[in-house]
Amino acid sequence: MNTDKLNFVVPSKAKMTSMVLMAVGLVSIICMFMFDKQPDDHHYHQTRAWANVFVGSFFFTAIALGASFFLGLQYAAEAGWATTIKRIIEAVTWYLPVGLSFLLLMFILGQMHMHTIYPWMAEGIATKGSENYDAIIAAKIGYFGVFWWVRTLLYMAAWIMFTWKLRKNSLDADQLGHEEAKGFHWKNVKLSAWFMVVFAVTSSTSAWDWIMSIDTHWFSTMMGWYIFSGMWVSAMITVTILIVWLKHLGYLEFVTESTIHDMGKWMFAISFLWTYLYFSQFMLIWYADIPEEITYFQTRWESYKALMWTVFFVNFAFPMLMLMSRDSKRNFFFLMFVGTIIFIGHYLDIVMVVMPGTVGHHWTGLSWMELGTFLFFLGLFIYVVLNNLSKRPLAVKNHPFLSESLHHSI
Amino acid sequence: MHAESQIREPLIIGKKTYRDISNDIIAPIEGKANRLWYILFTIASITFMWGICCLSYTIGVGIGAWGSNNGVDWAWDITNFVWWIGIGHAGTLISAVLLLFRQKWRMAINRSAEAMTIFAVFCAAIFVLLHTGRPWLDYMLFPLPNQFGSLWPNFNSPLLWDVFAVSTYATVSIVFWYIGLIPDFAMIRDRVIKPRMKKTYSILSFGWGGSARHWSRFEEVSLVLAGLATPLVFSVHSIVSMDFATSVVPGWHTTIFPPYFVSGAVFSGFAMVLTLMIIVRKVYKLEAYLTIKHIEYMNIVIIVTGSIVGVAYLTELFVAWYSGVEWEQYAFLNRATGPMAWAYWIMMSCNVLSPQFFWFKKLRTSIAFTFVLSIVINIGMWFERFVIIVPTLCRTYLPSTWNSYTPSFIDVGIFVGTIGMFFTLFLLYSRTFPVIAQAELKSILKASGESYKKEAVEHAHH
């Protein structure tokens, strides 16, 4: 094994790229806040700009969270094949504190009435007689307010704590002998089982709280699982692209082609899961066509039709056709290409989830605003993840399933 | 080179050779049935016959013989249908999904789980065929040309989607099951002495020769079928859920239904596999292959799927309140506190609370406890469907149409009869078919057999 390739050094080109992305993104975000006006609508306060920042904050945080979930899943399911790529997953998870800070900032600014992403945050929304009064929101206001904040902080604390501990145990195990390390492995198995339980509840409730409550009147029992499937597939794409890129740079000699093939299968399979949940939610609401629910898709159908169909086809047909064959999942160029496209597809999915409830009929189609915000958060994400990656050895040493993964062949 | 970590527990206990595996699996087929088998078979077939009587009576006088009434026009028939289809799901999950996930422990249970699937689909089909009231006209379910005297079926109806989904599912399950059986039938053909048995098994094994080319094709086909069967695991129960969810009935129309039904189906299916396999391992002395570890793994699947179902129940409750829609809110209030609240709480405690006992290693590795709980779960899952269907239909939009429901003894008879039929078929199967996929099991012997694992450790120390 080539020992000087066991520790990752961020290539200066990559560092430069992430910096440029952030700089370009930042400039566009500033411009976006300057130009985003709707003079004829006095309820509109740079809504699209704020919504864009929210989309960027949420999407990349969700990737880190999805990676965290997948890391825990590996332990809880006693999976051995992915041991060699564990450090890559771990590096992605630790964007979580950065991403959550952005989200928290967004929530605080919302509570300070800087933006109007969450209608229920508006003053007097539940007070009869107020000009903002909304009877439907007033009926469920008990779920928002202080209770909402308590939940939000609890999710953040729980996810950070579990991820931090999983990562710490994993590193500690490698400082010890082979036998002692097993103790840390079992600790992580137990921890992951708890994490899965907490995640099962919080992934749904956080999707209701942070995403579904944007369209405060509307409700769908599927929303939690739908958002979850999107974050999961985005995380799988991110990890796959990272592995392929690192291989290209000459790292990760010990990761077999079969492991990458399996990551391709995950991209393929979870794309189907996302499609299944998207379709089920859409079809049932469309079929029943009751006024309480159909409004959600009506807005999307009227003002976001192109985006809606793009998201569906890019995230469904594309991976289905391109990743079906075995060869395509072993072709690094293909994985990179398809991965990048569906990665963007899932970003657009979040755009489609957030914009109609905030920007509404002011939407004019995708523009430089969405692109610029995406580039900023992408640059930040790349910077943080590569930095995380360089802080730990790329290979795990003592994991009890390591030999299974090193010899993984399918 | 294939490697297996030493911390993985062995999946075949003791010092078994390939020959031992053949001997152990063929024993129930070659040997005579013991008394326990005859007792069980008698009970099952008598129950089955009682079911046939009730079924014939229904065909004779019509479905007025059932407890269904003007408001509650769907009751035990659809409940039983969904219950049986759900039970059938574990077979495909174990054979297809766990194959794709390369779970070696599936090899001890997949054969019987698939057999169970097929029998469960038969049981479910009875209710579909019967609930039309005139089963001799059931061919009208299929889109036949109008010259046959029927109108084209309504393609907008999820009930028609069911016809396609379930028949596809049954077909693929049978093919999948049979393909897996071929090498095992060949093993029996090569072993048995009685000429008639030899002849039968040689026809059944399709001239299997065991050459490398046969094996290569076998694996290819298995993988393709697994790929086809996996979407079916999702589609069948999703479409079953759409029978309810596409309607505008409060308590039925909710978007989470498809994945939640799929999870519930796998949950009840695994419970039924456990019930059957705990009996099979005892009666046929297969403890070396169906180990405590297997039971533990299945129990973990039960915790996971049961908890997913639990999350879905709570999601429904929460969103009913959150929606602010009075009808939605009342539908759930009625379920939990109305006249049939007892059924709701049976469902909650059997499906959500009881699997949580499996968090304790002591309980999930206890055979007796698992056996009891596997039955408790299937009772709970029957009540889940009952709760969704009957209390909802008892109280719909118009209070003046509210009524109650009591099943007739014919309802009970047909349902119990299908349980009898299920066990009759399973008992017959277990005496004539290899209950464990021995050819597949042999492929993991050297990597996961207890004695081989021990040898590998000793080898590493020297």
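See the structure shown above.
Cut-offs used in this document
Residue numbers here run from 1 along each chain, matching the order of that chain's written sequence. Chains carry letters and ligands carry numbers; both start at the beginning, A for chains and 1 for ligands, and go up in the order they are written. Owing to the predicted nature of the model, reporting of local features is limited to residues with pLDDT of at least 70; listing and counting of side-chain atom pairs is limited to 80 or more, with chain, interface and lining totals taken over all residues. Calculated side-chain values reflect all of the structure's heavy atoms, with hydrogen atoms and water omitted. Note on conventions: DSSP H or I runs of at least 4 residues are helices, E runs of at least 2 residues are strands, and numbering of each starts at the N terminus. Each radius of gyration reported is based on C-alpha atoms, and the globular scaling rule is 2.2 Å times the count of residues to the power 0.38. Should any heavy atoms of two residues lie within 4.5 Å, those residues are counted as being in contact. Accessibility throughout is a Shrake-Rupley quantity obtained with a 1.4 Å probe, and a residue counts as covered only by protein chains that appear here. We call a residue buried when its accessible area falls under 20% of the maximum for its residue type, exposed when it is over 50%, and partly exposed in between, using a 1.4 Å probe and counting protein chains only. This count recognises Lys and Arg as positive and Asp and Glu as negative, with His and chain-terminal groups excluded. Note that the charge is assigned to NZ on lysines, CZ on arginines, CG on aspartates and CD on glutamates. Once two parts are put together, the accessible area they lose, assessed with a 1.4 Å probe and summed over both, is termed the buried area. In the sections that follow, a salt bridge refers to a side-chain nitrogen of Lys or Arg positioned within 4 Å of a carboxyl oxygen of Asp or Glu. The residue classification treats Ala, Val, Leu, Ile, Met, Phe, Trp, Tyr, Cys and Pro as nonpolar and Asp, Glu, Lys and Arg as charged. All others, Gly included, are polar. Every axis corresponds to a line fitted to the C-alpha atoms, with the helix fit spanning only the stretch in contact, and the corresponding angles, defined between N-to-C directions, vary from 0 to 180 degrees. Note on terminology: angles under 35 degrees are roughly parallel, angles over 145 are roughly antiparallel, angles of 65 to 115 are roughly perpendicular, and the others are oblique. In this scheme the handedness of a crossing depends on how the near helix is turned from the far one: anticlockwise by less than a right angle means left-handed, clockwise means right-handed. Among buried residues, those of type Ala, Val, Leu, Ile, Met, Phe, Trp, Tyr and Cys that are joined through side-chain atoms within 4.5 Å constitute a nonpolar core. Note on ring pairs: Phe, Tyr and Trp rings are taken, using the six-membered ring of Trp, and paired if centres are within 6.5 Å. Classes follow the plane angle, with under 30 degrees stacked, over 60 edge-to-face and the rest tilted. Criterion for a charge above a ring: Lys NZ or Arg CZ within 6 Å of the ring centre, and within 35 degrees of the ring normal. N or O atoms closer than or at 3.5 Å make up a polar contact, with two conditions inside protein: a donor-capable atom paired with an acceptor-capable one, and, for residues adjacent in sequence, both atoms drawn from side chains. Buriedness of a pocket was judged along seven lines, with at least five required to meet protein on both sides within 12 Å; pockets are open sets of points on a 1 Å grid over the protein atoms alone, cavities are sets where a 1.4 Å probe fits but cannot get out, and lining residues have an atom within 4 Å of a point. Grid points are joined across faces, edges and corners, and a volume is the space filled by probe spheres set on the points. Any residue with relative accessible area above 30% and no salt bridge may belong to a patch, with like charges joined within 9 Å and the nonpolar Val, Leu, Ile, Met, Phe, Trp and Tyr side chains within 5 Å. Expected span of a helix, by definition, is 1.5 Å for each gap between consecutive residues, and there is one gap fewer than residues. For the purposes of this analysis, a disulfide is any pair of cysteine sulfur atoms at a distance within 2.5 Å.

Caption draft 1: Seen up close, the overall build of chain B. What chain B contains, in helices and strands, is 16 helices and zero strands. Against the 2.2 N^0.38 benchmark of 23 Å for 462 residues, chain B shows a C-alpha radius of gyration of 23 Å, consistent with a compact globule. Seen through its C-alpha atoms, chain B measures out along the principal axes to roughly 80 × 50 × 40 Å. A separation threshold of at least 6 residues defines the contact pool for chain B, and within that pool the share at least 24 residues apart is 81%. Looking at chain B as shown, the accessible area adds up to about 19700 Å², and 70% of this sits on carbon and sulfur atoms.

Caption draft 2: Layout of the overall build of chain A. When you go through chain A residue by residue, the secondary structure sums to 15 helices and zero strands. For 410 residues, the compact-globule formula gives about 22 Å, and the C-alpha radius of gyration of chain A, at 22 Å, lands near that figure. Along the longest, intermediate and shortest principal axes, the C-alpha atoms of chain A span 70 × 45 × 40 Å. A burial count over chain A gives 59% of its 410 residues as buried. Across chain A, contacts joining residues at least 24 apart in sequence account for 81% of those joining residues at least 6 apart. Accessible surface, chain A as shown: approximately 16100 Å² in total, 69% of it carbon and sulfur. Of the charged side chains in chain A, 26 are positive and 26 negative; the average position of the first set lies 10 Å away from that of the second.

Caption draft 3: Region of interest: the interface of chain A and chain B. At the junction of the two partners, chain A supplies 46 residues and chain B supplies 41 residues. Taking both partners together, chain A and chain B bury about 3600 Å²; carbon and sulfur atoms supply 70% of that area. When the area that chain A buries against chain B is broken down by residue, the three leading residues are T221, W225 and L284 of chain A, summing to 20%. Joining chain A to chain B, the criterion identifies three salt bridges. R8 of chain B is the salt-bridge partner of E404 of chain A, the closest N and O atoms lying 2.7 Å from each other. Residue assignment for the side of chain A that touches chain B shows that the elements contributing at least two residues are α7 (178-211), α9 (257-288), α10 (291-303) and α15 (402-406) of chain A. Sort the elements by how many residues they give to the side of chain A that touches chain B and α9 of chain A lands first, with twelve residues. Residues belonging to the side of chain A that touches chain B are distributed by class as follows: 27 nonpolar, eleven polar and eight charged.

Caption draft 4: Examining the packing of helix α3 (residues 76-100) of chain B against helix α7 (residues 212-245) of chain B more closely. Residues and elements named next belong to chain B. It is at 9 Å that the axes of α3 and α7 come closest, and there the two elements cross at 155°. In terms of orientation, α3 and α7 fall into the roughly antiparallel class. You can see that α3 and α7 cross each other, and the crossing is left-handed. Note on element contacts: α7 touches α3 through S222, L223, A226, A229, T230, V233, V236, H237, V240 and F244, opposite I78, F81, V82, I85, G86, H89, T92, L93, A96, V97, L99 and L100. Class assignment for the residues of the contact of α3 with α7 results in 16 nonpolar, six polar and no charged.

Caption draft 5: Spatial organisation of the nonpolar core. With 282 residues, the main nonpolar core has F54, F60, I88 and W210 of chain A together with W84, Y260 and F270 of chain B as its most contacted residues. Top contributing element to this core by residue count: helix α2 (residues 47-76) of chain A, with 18 residues. Setting aside residues up to four positions removed in sequence, Y260 of chain B forms contacts with W225 of chain A together with V309, A312, Y313, E316, E384 and I388 of chain B.

Caption draft 6: Local environment of the packing of aromatic side chains. Tallying each qualifying case throughout the model produces 111 aromatic pairs over all chains. Seen from their ring centres, W83 of chain B and F415 of chain B are 5.3 Å apart, and the 70° between their planes marks the pair as edge-to-face. Of the two residues, W83 of chain B sits in helix α3 while F415 of chain B sits in helix α14 (residues 409-432), which places them 332 residues apart along the sequence. Exposure remark for W83 of chain B: the relative accessible area of 5% places this residue in the buried category. Here R8 of chain B stacks its cationic end above the ring of F401 of chain A, 4.0 Å away from the centre of that ring. The ring of Y297 of chain B carries K293 of chain B above its face, with NZ or CZ at 5.0 Å from the centroid.

Caption draft 7: Fine view of the environment of D73 of chain B. Residues and elements named next belong to chain B. Along the polypeptide, D73 turns up in the loop between α2 (35-61) and α3. Under the relative-accessibility criterion, D73 is labelled partly exposed at 49%. Residues D73 and A108 lie 35 residues apart in sequence; the distance between their C-alpha atoms is 42 Å. Setting aside anything within four residues of it in sequence, one finds D73 in contact with S68 and L393.

Caption draft 8: Just the environment of T358 of chain A, in detail. Residue and element names in this part refer to chain A. Summarising the element assignment, T358 is placed in helix α13 (residues 332-358). Of the residues examined, T358 reaches a relative accessible area of 14% and is grouped as buried. Other than its neighbours up to four places away in sequence, T358 contacts T47, A51, I117 and I214. Within polar-contact distance, the side chain of T358 engages the backbone oxygen of V354 at 3.0 Å.

Caption draft 9: How the structure looks around empty space enclosed by the protein. Residues and elements named next belong to chain A. Throughout the structure, instances matching the rule amount to ten cavities of 30 Å³ or more. Roughly 80 Å³ of volume is contained in the largest cavity. Y75, K86, S170, A173 and H399 are, among the 14 residues lining the largest cavity, the residues nearest its centre. Those elements that place two or more of their residues in the lining of the largest cavity are α6 (146-175) and α7.

Caption draft 10: Looking closely at the pattern of salt bridges. With the rule as written, the count across this model stands at 24 salt bridges over all chains. Two residues, R87 of chain A and E90 of chain A, come together in a salt bridge whose shortest N-O distance is 3.0 Å. With R87 of chain A and E90 of chain A both in helix α3 (residues 86-93), this residue pair falls three residues apart, about one helical turn. E90 of chain A carries the same exposure label as R87 of chain A, and that label is buried. Linking R102 of chain B and D262 of chain A is a salt bridge whose minimum nitrogen-to-oxygen distance equals 2.5 Å. Within this pair, whereas R102 of chain B is found in the loop between α3 and α4 (110-131), its partner D262 of chain A is found in helix α9, the two belonging to separate chains. Exposure remark for D262 of chain A: the relative accessible area of 4% places this residue in the buried category.

Caption draft 11: Structural context of a nonpolar patch on the surface. Judged by side-chain polarity, L26, I30, M34, F35 and W368 of chain A come together as a nonpolar surface patch covering roughly 530 Å² of accessible area. Element by element, the count of residues in the nonpolar patch is highest for helix α1 (residues 12-35) of chain A, at four residues.

Caption draft 12: Representation of α1 of chain A. Helix length check: α1 of chain A (24 residues) gives 34 Å between terminal C-alpha atoms against 34 Å at 1.5 Å per residue, within 8%. Where α1 of chain A is buried, its residues meet α2, α8 (223-248) and α14 (368-390) of chain A.

Caption draft 13: The arrangement of the state of the cysteines in detail. Following the criterion strictly, the structure yields zero disulfides over all chains and no others. This cysteine, C123 of chain B, is not joined by any disulfide, and C54 of chain B carries the nearest cysteine sulfur, 15 Å off.

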